[in-house]
Amino acid sequence: MADRSFLDWPFFEPRHRELSAALEAWCAVHLPVDHGDVDAACKALVAALGQAGFLRHSGADADEALDVRSLCLIRETLARHDALADFAFAMQGLGMGAVTLFGSEAQRAWLEKTRSGRAIAAFALTEPGAGSDVANTATLAERAPGGWRLSGEKTYISNGGIADLYLIFARTGEAPGARGLSAFLMPADSAGLTIAERIEVIAPHPLARLKLDGVMLPDAALIGRPGEGFKIAMSVLDVFRPTVGAAALGMARRGLDEALARVRRPRAGGGTLADHQIVQGHLADMAVRVDAAALLVYRAAWTKDMGAPRITREAAMAKLYATEAAQEVIDTALQLHGGDGVRHGSAVEALYRDIRALRIYEGASDVQRVVIARSVLG
Ligand code: COS
């Protein structure tokens, strides 16, 4: 059982401890799931998380704020049990983040479906020619009678192929660069939208390249005002980057748990690996990294929940540190397992693959460094 004493930290309220306990009990019964068919597994996970009520936390009603601590607690807990369950939960929140934060009343109607697990959401920002450099987005949205016509390509889109709706960013051209982008809600059955490629990755989940060939969207699909897309994307990422850190934290806790179980095992020649000071040193480093990551993640979440208008710096620090630290923790956990660590199907081998993408998606580590450096340079 992972250390849960952090729940007594002052960042949390009784409702967070209740949420954590309820989800822990749910996970013990429902996770891990079979990952054989990731599309089917994700659809089933979204439906199950919706039915159990946990997806309510992936969005918020018009008169309430997203509770970032709950988002983080849920991601941390799910990721500790099953990375695919974390993925299924996370994408409902990220995909609908722009609607939760900036959506019109009509657009918010979709939230009822995504928060109950009856619709799957996706966040379509990255392009073949614009990953870290969002200001360079090339997908075009041109004025057309009654709305907008969108053309271009989006890639590495999580839930691509199984989503019911995509939150898509395109160039509307009010100004060059970052000031000329807009955000749109695009239902998956829009004519002209095709899944050009399904992308296989080291920790399989639904992922695709999308092609938009003259997709017509009504005026009502625009989120916010024309030209606000970049700021909408960044505001959504500010809220969700700490949750990526939280998922990494969950994986790191699992890595530490697996390592502890391993080093306590009696050895043929007597004693345990844990008897060795060098192994104890590794365990100490892992434990410090886990707690430091937790402090940064929940500091960011708490700061937002306390009403801070922007948590750009805190979010970047949480994501950068927690994902990099988790990679190190998991690498050490695998090392302590010796040959068993690299066996396909072992828990640490899966963690080793699962953690890698978190240092890349929602802003690669070097993007977080740029954001933090800009902040400290003032
Ligand atoms: N919240 C609100 N507004 C923000 C913001 C934020 N977090 N960050 C920047 N802005 C605003 C700036 O204030 C600026 O506004 P003005 O034009 O009014 O001055 C505008 O947006 C442009 O900002 P900036 O000049 O900092 O943009 P850059 O092109 O330099 O981009 C980075 C900055 C690299 C940080 C950004 O492109 C980024 O985060 N890239 C990674 C994208 C990502 O996470 N992709 C993964 C997709 S999901 S898998």
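Under the annotation held in an unreviewed UniProt entry, the chain carries the name Acyl-CoA dehydrogenase family protein and is attributed to Paracoccus simplex. Of the comments in the UniProt record for the chain, the one headed Sequence similarities (unreviewed entry) reads "Belongs to the acyl-CoA dehydrogenase family." Quoted straight from UniProt, the Cofactor (unreviewed entry) entry for the chain says "FAD".

Colleague: How should I be thinking about the site of the ligand in this particular structure?
Modeller: Close to the ligand lie 24 residues; Ser132, Arg179, Asp238, Arg241 and Arg374 are nearest. With respect to the ligand, the side chain of Arg179 contributes an N or O atom lying 2.6 Å from an oxygen atom. Within the contact set of the ligand, a nitrogen atom lies 3.2 Å away from a side-chain nitrogen or oxygen of Thr312. Going through the elements one at a time, α6 (229-263) and α10 (365-377) are the ones with two or more residues in the shell around the ligand.

Colleague: Could you clarify how one ought to interpret the environment of Gly160 in this entry?
Modeller: Checked against the element boundaries, Gly160 lands in the loop between β3 (147-158) and β4 (165-171). Note: C-alpha distance between Gly160 and Val297 (137 residues apart in sequence) is 28 Å. Contact partners of Gly160, with chain neighbours within four places excluded, come to Tyr166, Ile195, Arg198, Pro206, Leu207, Ala208 and Leu210.

Colleague: It is not clear to me how the packing of aromatic side chains should be interpreted in this structure. Could you clarify?
Modeller: Two numbers describe a pair of aromatic rings. These are the distance of the centres and the angle of the planes. Evaluation of the coordinates by the stated rule reveals nine aromatic pairs. Taking 6.1 Å as the distance between ring centres and 75 degrees as the angle between the ring planes, the aromatic pair formed by Phe6 and Trp9 counts as edge-to-face. Exposure class is identical for Phe6 and Trp9. Each is buried. Ring centres of Phe123 and Phe169 lie 5.4 Å apart, and the angle between their planes is 70 degrees; this geometry places the pair in the edge-to-face category. With a gap of 46 residues between them, Phe123 in strand β1 (residues 121-124) and Phe169 in strand β4 connect regions that are remote in the sequence. Here Phe123 and Phe169 have matching classes, each one buried. Taken together through their ring pairs, the aromatic side chains of Phe6, Trp9, Phe11, Phe12, Tyr298 and Trp302 make up a single cluster. Lying across the ring of Trp110, Lys113 places its NZ or CZ 5.3 Å from the centre. Arg253 extends its terminal NZ or CZ atom over the ring of Phe6, reaching a point 4.2 Å from the ring centre.

Colleague: What is the right way to read the side chain of Arg262 from this model?
Modeller: Along the chain, Arg262 turns up in helix α6. Setting aside chain neighbours within four positions, we find Arg262 in contact with Leu336, His337 and Asp340.

Colleague: Would you take a moment to explain the nonpolar core for this structure?
Modeller: If you look at soluble globular proteins, the nonpolar side chains tend to sit buried side by side. Core analysis: the biggest nonpolar cluster contains 110 residues, and Leu78, Leu150, Phe184 and Tyr298 have the highest contact counts within it. A total of 16 residues in this core trace back to one element, the largest contributor, which is α6. In this structure, Met317, Leu320, Val371 and Ile372 belong to the second largest nonpolar core, which totals six residues.

Colleague: I tried to follow the pairing of β1 on my own but got confused; where do I start?
Modeller: Of the two faces of β1, the one holding Ala121 and Phe123 and the one holding Ala122 and Ala124 are both buried throughout. Here β1 runs beside β4; their pairing, made up of four bridges, is parallel. Bridging from a neighbouring strand, Phe123 pairs with Leu167 of β4.

Colleague: Looking at this structure, how should I read the UniProt feature "domain: Acyl-CoA oxidase/dehydrogenase middle" (unreviewed entry) in the chain?
Modeller: When the UniProt feature table is mapped onto this chain numbering, "domain: Acyl-CoA oxidase/dehydrogenase middle" (unreviewed entry) sits at residues 122-210. Taken end to end, residues 122-210 has its terminal C-alpha atoms 11 Å apart, with 0% of it in helix and 49% in strand.

Colleague: When you look at the domain arrangement of the chain in this model, what are you seeing that I'm missing?
Modeller: Per the domain assignment, the segments of the chain are domain 1 (5-116), domain 2 (121-227) and domain 3 (231-377). Using C-alpha coordinates to define each centre, domain 1 is positioned 24 Å away from domain 2. Between domain 1 and domain 2, the contact holds 18 residues from the first and 19 residues from the second. With both sides pooled, the region where domain 1 packs onto domain 2 buries about 1,500 Å², and carbon together with sulfur makes up 73% of that total. If you sort the residues of domain 1 by the area they bury against domain 2, Phe87, Gln107 and Trp110 come out on top, with a joint share of 32%. On inspection of domain 1 and its partner domain 2, the count reaches one salt bridge. For Asp39, the salt bridge identified is with Arg198, shortest N-O distance 2.8 Å. Applying the counting criterion to the domain 1 and domain 2 interface returns four residue pairs in polar contact (both at pLDDT 80 or more). Counting residues per element, the ones that place at least two in the side of domain 1 that touches domain 2 are α2 (38-51), α4 (83-102) and α5 (105-114). With 10 residues, the single largest contributor to the side of domain 1 that touches domain 2 is α4. Per-class residue counts for the side of domain 1 that touches domain 2 are 11 nonpolar, five polar and two charged.

About the thresholds
- Residues numbered from 1 in each chain as written.
- Predicted model: local features only at pLDDT ≥ 70, side-chain atom pairs only at ≥ 80, totals over all residues.
- Heavy atoms only, no water.
- UniProt positions renumbered as here; feature names shortened; annotations may be inferred.
- Near = heavy atom within 4 Å.
- Polar contact = N/O pair within 3.5 Å; in protein donor to acceptor, adjacent residues only side chain to side chain.
- Helix = DSSP H or I, 4+ residues; strand = E, 2+ residues; numbered from the N terminus.
- Contact = heavy atoms within 4.5 Å.
- Phe/Tyr/Trp six-rings, centres within 6.5 Å; stacked < 30°, edge-to-face > 60°.
- Buried < 20%, exposed > 50% of the residue type's maximum accessible area, 1.4 Å probe, protein only.
- Lys NZ or Arg CZ within 6 Å of the ring centre and 35° of its normal.
- Core = buried A, V, L, I, M, F, W, Y, C linked by side-chain atoms within 4.5 Å.
- Pairing = 2+ DSSP bridges.
- Domains from an automatic or database assignment.
- Buried area = accessible area lost by both parts, 1.4 Å probe.
- Salt bridge = Lys/Arg side-chain N within 4 Å of Asp/Glu carboxyl O.
- Nonpolar A, V, L, I, M, F, W, Y, C, P; charged D, E, K, R; others polar.

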